[in-house]
Amino acid sequence: PSSDCVVAEQLCLSDSTCNATYRTLESCALAKSRLLSLDHNSRVRCLNAELDLGNSSLLHCKCHRRMKRQEHCLRIFWTVHSSMTDGYLNLETSPYENPVNEEHWKTDYNKLAALISGSQLAGDATNPCLRATHVCNLSKKCFRLRTDYASICTKGAGSEDVCDRRKCHRGLRNFFEKVPEDFTKRILFCPCQDEFCGERRRKTIVPDCSFQYNTKPNCLWLLDTCLEDHICKSRLADFQQNCQPVDMSPDGCSLHNHAACLQAYMGMIGTPMTPNYVSNSSVEISLWCTCENSGNHKEKCDQILGMFESNKCL
């Protein structure tokens, strides 16, 4: 049965046979994280340990996007599934529980709209992104967490100080994880008719700190950085699973669940592979990286960039 990985780990550690198998998997995962090349016997031992878990709840456990011990939970998941991380784009299974359904995202927005109708905010109809921000300000949690990440991500702006990208990313993840999606998705996906609105939407995540470097790094470097981080690796696996493009499909999406894809996209914000709108005049998005000088890995690099730039599902 599917269960929380933290609970599944506790059950496993209380059983001597499962405990021994799990400790083997921990050493296998540690070797991989340090990029140590395993010999044939070690690889077999690691694979057998994963198979030995059999029907253990550890093998089928998942994590929740908004759980308190998320990083610990994800570490457990990747310890058990470390064999899946071979190669660049072989993250086939998301560690997160089943994605949202379309209906969940069709929440009644009238309550929020009623709060601002008739007030001075009603004049924001021409700029939906400004209006979405004002609605966020009506929620104490949305206002507080948005203010938190904005202040962290704008420190050092206009001076020689470099922003603390790690703290900025953490603040962004906090915002998108803890604030109800009713607020966050409308701030991030507000529809724009003009460039002023588009620029506000593009700056939602404070790109100077969270997105752009002085020079564009290679996308493979960005991916390597991501795979070293449990949260980023998990969000990327979730994105790959839920935004898998399929040319033969009518909507270009394998799961036909655009809400799950958008949620997975939002999950990438605040990771080393943070995506964003590329301009104030379109809804095209991209990673801040390039595939120039990729040598023999050009095809892999293009594939990574293409997951965001030309993904019909997304």
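Residues numbered from 1 in each chain as written. Predicted model: local features only at pLDDT ≥ 70, side-chain atom pairs only at ≥ 80, totals over all residues. Heavy atoms only, no water.

**Q** A description of the packing of helix α7 (residues 128-137) against helix α10 (residues 181-188) should follow, citing residues and the corresponding values.
**A** Between α7 and α10, the least distance of the axes is 8 Å, while the angle of their chain directions is 155 degrees. One finds that α7 runs roughly antiparallel with respect to α10. Classified by chirality, the crossing of α10 by α7 is left-handed. Here α7 contributes Ala132, Thr133, Val135 and Cys136 to the contact with α10, which in turn contributes Phe183, Arg186 and Ile187. Residue composition of the contact of α7 with α10, grouped by class: five nonpolar, one polar and one charged. (Axes fitted to C-alpha atoms, helices over the stretch in contact; angles between N-to-C directions. Helix = DSSP H or I, 4+ residues; strand = E, 2+ residues; numbered from the N terminus. Parallel < 35°, antiparallel > 145°, perpendicular 65-115°, else oblique. Left-handed = near helix turned anticlockwise from the far one by under 90°. Contact = heavy atoms within 4.5 Å. Nonpolar A, V, L, I, M, F, W, Y, C, P; charged D, E, K, R; others polar.)

**Q** So what about a positive patch on the surface? Which residues, and what values?
**A** A surface patch of positive charge is lined by Arg66, Lys141, Arg144 and Lys178. With respect to the secondary-structure elements, Lys178 resides in helix α9 (residues 165-178). On the basis of relative accessibility, which here comes to 43%, the residue Lys178 falls in the partly exposed class. (Patch = residues over 30% accessible without salt bridge, like charges linked within 9 Å, V, L, I, M, F, W, Y side chains within 5 Å. Areas by Shrake-Rupley, 256 points an atom, 1.4 Å probe, with all protein chains shown as cover. Salt bridge = Lys/Arg side-chain N within 4 Å of Asp/Glu carboxyl O. Lys, Arg positive; Asp, Glu negative; His and termini not counted. Charge placed at Lys NZ, Arg CZ, Asp CG, Glu CD. Buried < 20%, exposed > 50% of the residue type's maximum accessible area, 1.4 Å probe, protein only.)

**Q** Break down a negative patch on the surface for me, with residues and values.
**A** Among the surface-exposed residues, Glu71, Asp224, Glu228 and Asp229 lie close enough to one another that they form a single negatively charged patch. Structurally, Glu71 is set in helix α5 (residues 70-80).

**Q** Break down the nonpolar core for me, citing the residues and quoting the values.
**A** Counting residues in each nonpolar core, the largest one holds 48 residues, and the members touching the most others are Phe175, Phe239, Met273, Leu287, Ile304 and Phe308. Counting only domains with at least three residues in this core, you end up with domain 2 (108-211) and domain 3 (219-310). Setting aside chain neighbours within four positions, we find Phe308 in contact with Phe239, Met268, Met273, Pro275, Ile285, Ser286, Leu287 and Leu314. Formed by 22 residues, the second largest nonpolar core is a distinct cluster that contains Cys5, Cys12, Cys73 and Ala237. (Core = buried A, V, L, I, M, F, W, Y, C linked by side-chain atoms within 4.5 Å. Domains from an automatic or database assignment.)

**Q** Before we move on, can you summarise the state of the cysteines with the specific residues and values?
**A** Under the definition given, this model contains 14 disulfides. One disulfide in the model links Cys243 with Cys261; its S-S distance is 2.1 Å. Measuring the twist about the S-S bond at about 115 degrees, one finds the Cys243-Cys261 disulfide to be right-handed. Of the two residues, Cys243 is situated in the loop between α14 (230-242) and α15 (258-268) and Cys261 in helix α15; the sequence distance between them amounts to 18 residues. (Disulfide = S-S within 2.5 Å.)

**Q** Please give an account of the pattern of salt bridges that cites residues and values.
**A** As enumerated under the stated definition, the model contains 11 salt bridges in all. Two residues, Glu26 and Arg75, come together in a salt bridge whose shortest N-O distance is 3.7 Å. Separated by 49 residues along the polypeptide, Glu26 in helix α2 (residues 16-33) and Arg75 in helix α5 bring together distant segments of the chain. Overall, Glu26 belongs to the partly exposed group, its relative accessible area being 22%. Of the charged contacts in the structure, one is a salt bridge between Glu97 and Arg65, with a shortest N-O distance of 3.2 Å. Linking Glu97 in the loop between α5 and α6 (110-116) with Arg65 in the loop between α4 (57-60) and α5, this pair joins segments that are 32 residues apart in sequence. Assessed through its relative accessible area of 14%, Arg65 is described here as buried. If you follow the salt bridges from partner to partner, you end up with Glu9, Arg23, Glu26 and Arg75 in one network.

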